[in-house]
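An overview of the molecular structure
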Amino acid sequence: MSTAITFSEYGEPEVLRLSEAAVPEPGPGQVRIRVRAASVNPLDMKIRSGLLARIMPARFPQILGLDAAGVVDAVGEEADAAVGDEVLGVTAGGSYGEYALLERPVAKPAALSWEVAASLVTVGQTAARVLDQLGVRAGQTLLIHGAAGSVGVIAVQLAAARGITVIGTAAERDTGRVTALGATAVRYGDGWVERVMAAAPGGVDHVFDASGAGVLADSVALTGDSAKVITIADMSAAQDGVRFSAGTAEDGRFLPELVRLAAAGRLTVPIWRTYPLAEAAKAHADLEARRNQGKAVLLP
């Protein structure tokens with residue numbers, strides 16, 4: 001047996017419990033890792049609260065978590081790693097535990113810390129996927145809502161590195177961080193449309209909404225075309241004719257390049273705080289209170 005964070009009912013962070021769990025056995029193509037770091041993502045909190053119960057019902061008791069980095073200690077048939085390898089990736093069956101299964105392990109370079117390795121996975125793949133779907137090109141202007149968030153900071157860097165002019169909305173306290181990443185920061189809230197227009201007098205070509213803050217109708221008006229707007233956070237997207245972008249297994253194709261960029265120092269993943277595994281509920285509470293300025297990471 002091992003230990004893991006599980007929940008057996010939907011609710012507030014307090015439903016998360018440190019529990020005994022069976023050590024998972026890797027199937028074909030999978031590896032089992034001894035987890036060194038597991039990142040906390042917004043999706044974890046939506047699953048725990050029951051917000052996504054209709055489309056992603058929990059199987060109680062469920063282990064939460066998407067992303068992990070660790071050391072391979074068992075391999076399934078035809079797995080693309082060996083015992084002792086340091087790897088990262090998306091887990092099958094949850095990452096908030098001492099052990100986790102990975103289906104597409106990617107080698108962790110020595111230059112990456114465990115915390116960054118675990119934190120890069122879902123947010124990096126999401127940012128890369130949406131930029132690909134938007135088809136935004138060098139010389140164009142991209143507006144990113146929620147530019148200081150965990151996905152937004154990656155999207156800002158990837159877009160700026162491609163020669164794209166980036167306008168990023170953020171809270172007042174975060175505008176300096178967004179500017180440092182290569183964007184023109186604009187304070188969100190009432191009047192944001194006018195502030196964006198002043199920052200981008202030539203207009204906005206595409207919009208990436210990572211905030212879910214009810215900005216889609218105005219974003220469509222800014223671009224003149226709902227097809228030029230994508231959200232990952234606003235479930236009412238269809239009302240404005242906007243595409244909601246959800247992750248798939250194919251997102252894994254972006255991860256090796258993201259890892260390479262991060263290891264080379266060309267992509268920064270801000271780590272705000274680490275927590276012992278037993279304090280997963282506190283990590284959730286802190287993130288829901290928006291205390292963070294970067295990723296929260298569990299250390300089993």
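Described in the following lines is the structure provided in the data block. (Residues numbered from 1 in each chain as written. Predicted model: local features only at pLDDT ≥ 70, side-chain atom pairs only at ≥ 80, totals over all residues. Heavy atoms only, no water.)

Here's the deal with the packing of helix H2 (residues 114-134) against helix H7 (residues 255-263)
Here H2 crosses H7 at 115 degrees, and the two axes come no closer than 10 Å. Every pair of crossing elements has a handedness; the one defined by H2 and H7 is right-handed. When H2 is examined against H7, the residues Leu-120, Val-121, Gly-124 and Gln-125 are found in contact with a partner set consisting of Leu-255, Leu-258, Val-259 and Ala-262. Broken down by class, the residue content of the contact of H2 with H7 amounts to six nonpolar, two polar and no charged. (Axes fitted to C-alpha atoms, helices over the stretch in contact; angles between N-to-C directions. Helix = DSSP H or I, 4+ residues; strand = E, 2+ residues; numbered from the N terminus. Left-handed = near helix turned anticlockwise from the far one by under 90°. Contact = heavy atoms within 4.5 Å. Nonpolar A, V, L, I, M, F, W, Y, C, P; charged D, E, K, R; others polar.)

Concerning the pairing of strand S9 (residues 141-145)
Of all five residues in S9, five are buried, a share of seventy percent or more. Burial along S9 is two-sided: Thr-141, Leu-143 and His-145 and Leu-142 and Ile-144, pointing in opposite directions, are all buried. Across five bridges, S9 lies against strand S10 (residues 165-170) in parallel orientation. For Thr-141, the partnering residue across the bridge sits in S10 and is Thr-165. Handedness of the crossover is the feature at issue here: the chain leaves S9, passes through helix H3 (residues 150-161), returns alongside S10, and the resulting connection is right-handed. Pairing between S9 and strand S12 (residues 206-209): four bridges, direction parallel. (Buried < 20%, exposed > 50% of the residue type's maximum accessible area, 1.4 Å probe, protein only. Pairing = 2+ DSSP bridges. Right-handed = clockwise from strand over helix to strand, strands pointing away.)

Thoughts on the packing of aromatic side chains
Summed over all chains, the structure comprises three aromatic pairs. Taking the centre distance of 5.5 Å and the plane angle of 80 degrees together, the rings of Phe-7 and Phe-60 count as edge-to-face. A residue pair is termed long-range when its members are at least 10 positions apart, and Phe-7 in strand S1 (residues 2-7) and Phe-60 in the loop between helix H1 (42-49) and strand S4 (62-63) qualify at 53 residues. When its relative accessible area of 1% is taken as the criterion, Phe-7 is described as buried. Take Phe-60: its relative accessible area is 38%, and that puts it in the partly exposed class. An angle of 70 degrees between the planes, with centres 5.2 Å apart, marks the rings of Tyr-10 and Phe-60 as edge-to-face. (Phe/Tyr/Trp six-rings, centres within 6.5 Å; stacked < 30°, edge-to-face > 60°.)

A closer look at the pattern of salt bridges
Per the stated rule, a full pass over the model turns up 14 salt bridges. We note a salt bridge from Arg-187 to Glu-172, for which the minimum N-O separation is 3.5 Å. You can see Arg-187 sitting in strand S11 (residues 184-187) and its partner Glu-172 sitting in the loop between S10 and helix H4 (175-180), a full 15 residues away along the chain. A relative accessible area of 37% means that Arg-187 is categorised as partly exposed. In this structure, a network of salt bridges that share partners links the residues Glu-25, Arg-32 and Asp-73. (Salt bridge = Lys/Arg side-chain N within 4 Å of Asp/Glu carboxyl O.)

Some thoughts on the sheet that holds S4
Across the sheet, three strands lie side by side as S2-S1-S4; this open sheet has antiparallel pairing. The strands lining the two open edges of the sheet, one partner per strand, are strand S2 (17-21) and S4. Sheet analysis places S1 next to S4, joined by two bridges and oriented antiparallel. Bridge pairing in S4 places Phe-7 opposite Gln-62.

Structural measurements only, silent on function.
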